[in-house]
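# Coordinate inspection notes
Given next are the chains, with one letter for each unit.
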Amino acid sequence: MKKIVKALSVIIAPFLFVCAFVSGCKKSKAVEMGSKSIMQDVDVPPTQTPAYEQYSRQAIAEYKAVADKHLDGDGEVDIENAEVIQAANKASAKLYAYACYNERSLDKYAWFNHQTAGTNLGGGTYANIIKQDYYLRVNESEEHCGYNYTYTCKFATEYSGAVSPFKGAFEEAKMAIITDTDTIYKFKGNTGNMQPGSYNEALGCNIFETDWKTQNNKWGVKGGYKDVMVKGDFIHPDDIEADIIKQAEDYSTDKNLNDYAPDRPWSTTIHGNINILAENVVKYSTIFEDPETGKYLIIMNIDTEVANKDEASLKMLRRTNEPSNDCKWKSGDNDPDDVNLQEDTGLRIIFSLWDNGLFYHYMISERWNGTIVIFDGTAESSIAVYYSYSGRDCDMTANLERLEEAKKLMGDAEAAICYKKEEIYV
């Protein structure tokens, strides 16, 4: 186990960043977005019953039935045993797919991510990026309408060479609120004044701040979200891979993607741009159980040779890096002894689950090369995503109150006129 703990420390190290989480809003003419209060209950066990709970428990039981037969001298599971690896690979893929598909039918949930990415174009030309997303969703039900509050902030921390004139292509700040299931209010942020803000106790990091202004031509727009803000249909586990493939095709061909609806029907339910149920796509995985919390930690090394031949995975990867039509995952420079847990295949997924199969968090570390934005080069990315399901973290009240404040500033009837007279921030 000491050897495994040492390997884990190396694997997880890229995710233990000194946090600089971009989110929230700088106090300006209108209201603060209250970023200090988000994601306070990431360690609170969820009370919702996920759609795939029984299937997650079954996958764990099937793995344990094999793993318990192969114990080492310390009485622990021999994670290097071929049969254990095979059982772990099968169970891990299912657990990841079920956790992703659970989100389709939850009453409410929130997640927050931090992503660092570096693009090397050769010849001293590079760009390093930090990207943050926050997503709060309350699905439509008999008791209430559907609501969604989300924002994305991305900026280049370092850049040089040919990238410099195109720095703006690597930066953005956008926010939106969906109310009454089918009405959206959009905001655009100022990427030029993002700065470290207050410390967030729950996330253990500083929250970046910026200014947001309303987008008057995308203010109170109705239509197109009715099918987004309702719970998704249950997909039987036997049909999930087919659904991943279908969604990848729809996602890769639709040219009218909406920036503010991550769960839009033409997006993908699976996270990480990988068809996790493709045959032999998981090269090595291992499953650890925490008896105190009941959570499971799963590490998957993806076989990128297989992934690069899987059409669904490539379509999702390339659509994410649009207009790329050639990018592929790229493995690292491995020594002969770098096998199983230590091998750098170019795509590693680490995720942890509550005992009912819901995500506690997931982390993805990957490398790909090809066309990126408008350049050709190699990119490396690490992303960490944490979830919360509590009533406090999923309460839309404060966000809706701030929206009402913004409406008063905008003037619903004369939004365009108000916008021309002065910048309206929220």
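These numbers were taken from a predicted model, which means no experiment stands behind them. (Residues numbered from 1 in each chain as written. Predicted model: local features only at pLDDT ≥ 70, side-chain atom pairs only at ≥ 80, totals over all residues. Heavy atoms only, no water.)

### Considering the pairing of strand E5 (residues 172–179)
Spelled out, the test is: A 1.4 Å probe rolled over the protein chains alone gives each residue an accessible area, and that area as a share of the maximum for its type sets the label: buried under 20%, exposed over 50%, partly exposed in between. Secondary structure elements are taken from DSSP: a helix is a run of H or I of four residues or more, a strand is a run of E of two residues or more, and numbering for both begins at the N terminus. Note on pairing: DSSP must find at least two bridges between two strands before they are called paired.
Burial runs high along E5: seven of the eight residues are buried. Summarising the sheet, E5 and strand E6 (residues 183–189) pair through six bridges and their orientation is antiparallel. Its bridge partner lying in E6, Ile178 is registered against Ile184. The loop that links E5 with its antiparallel partner E6 comprises three residues; one of these, Asp180, has a positive phi angle of about 50 degrees.

### So, the confidence of the model for the protein chain
Heads up, the rule is: Within a predicted model, pLDDT stands for the predictor's per-residue confidence, ranging from 0 to 100. Any two residues whose heavy atoms approach within 4.5 Å are treated as being in contact.
Here the protein chain averages 79 in pLDDT, while 75% of its residues score no lower than 70. Per-residue pLDDT, averaged within each element of the protein chain, yields its smallest value for strand E1 (residues 20–22) (26) and its largest for helix H2 (residues 53–67) (98). Long-range and interchain partners of residues 13–34, a stretch whose pLDDT sits below 50, account for 75 contacts in this model, where long-range means more than four residues apart. Of the regions scoring below 50 in pLDDT, residues 412–426 engages in 34 contacts with residues more than four places distant in sequence or in other chains.

### Observations regarding the pairing of E6
A large share of E6 lies buried, amounting to six of its seven residues. As paired strands, E6 and strand E9 (residues 212–222) are joined by six bridges and run antiparallel to one another. Considered in E9, the bridge of Ile184 is made with Val221.

### Looking at the packing of H2 against helix H3 (residues 82–102)
Definition in use: Note on geometry: axes are lines fitted to C-alpha atoms, helical ones only across the stretch in contact, with angles between N-to-C directions running from 0 to 180 degrees. Note on terminology: angles under 35 degrees are roughly parallel, angles over 145 are roughly antiparallel, angles of 65 to 115 are roughly perpendicular, and the others are oblique. Residues are grouped as follows: Ala, Val, Leu, Ile, Met, Phe, Trp, Tyr, Cys and Pro are nonpolar; Asp, Glu, Lys and Arg are charged; every other residue, Gly included, is polar.
Between H2 and H3, the least distance of the axes is 9 Å, while the angle of their chain directions is 170 degrees. Classified by the angle between their axes, H2 and H3 sit roughly antiparallel to one another. Contact residues: Tyr55, Ser56, Ala59, Ile60, Glu62, Tyr63, Val66 and Ala67 in H2; Glu83, Val84, Ala87, Ala88, Ala91, Lys94, Leu95 and Tyr98 in H3. Broken down by class, the residue content of the contact of H2 with H3 amounts to 12 nonpolar, one polar and three charged.

### Description of the packing of aromatic side chains
Put simply, the rule reads: Stacked, tilted and edge-to-face pairs are distinguished by plane angle, under 30 degrees for stacked and over 60 for edge-to-face with tilted covering the rest, among Phe, Tyr and Trp rings (Trp via its six-membered ring) whose centres lie within 6.5 Å. Cation placement over rings: the criterion is NZ of Lys or CZ of Arg within 6 Å of the ring centroid and within 35° of the ring normal.
Applying the stated criterion to the full structure yields 24 aromatic pairs. Here Tyr134 and Tyr151 contribute two aromatic rings whose centre-to-centre distance is 5.5 Å and whose plane-to-plane angle is 40 degrees, an arrangement assigned as tilted. Placement of Tyr134 in strand E3 (residues 125–138) and of Tyr151 in strand E4 (residues 147–160) is noted, with a sequence separation of 17 residues between them. Tyr151 carries the same exposure label as Tyr134, and that label is buried. An aromatic cluster of at least three residues, connected via ring pairs, comprises Tyr96, Phe351, Phe359, Tyr362, Tyr387 and Tyr389. The ring of Trp354 has Lys295 sitting right over it, with the charged end atom 4.7 Å from the ring centre. One Lys or Arg, Lys295, reaches over the ring of Tyr360 and ends 4.7 Å from the middle of that ring.

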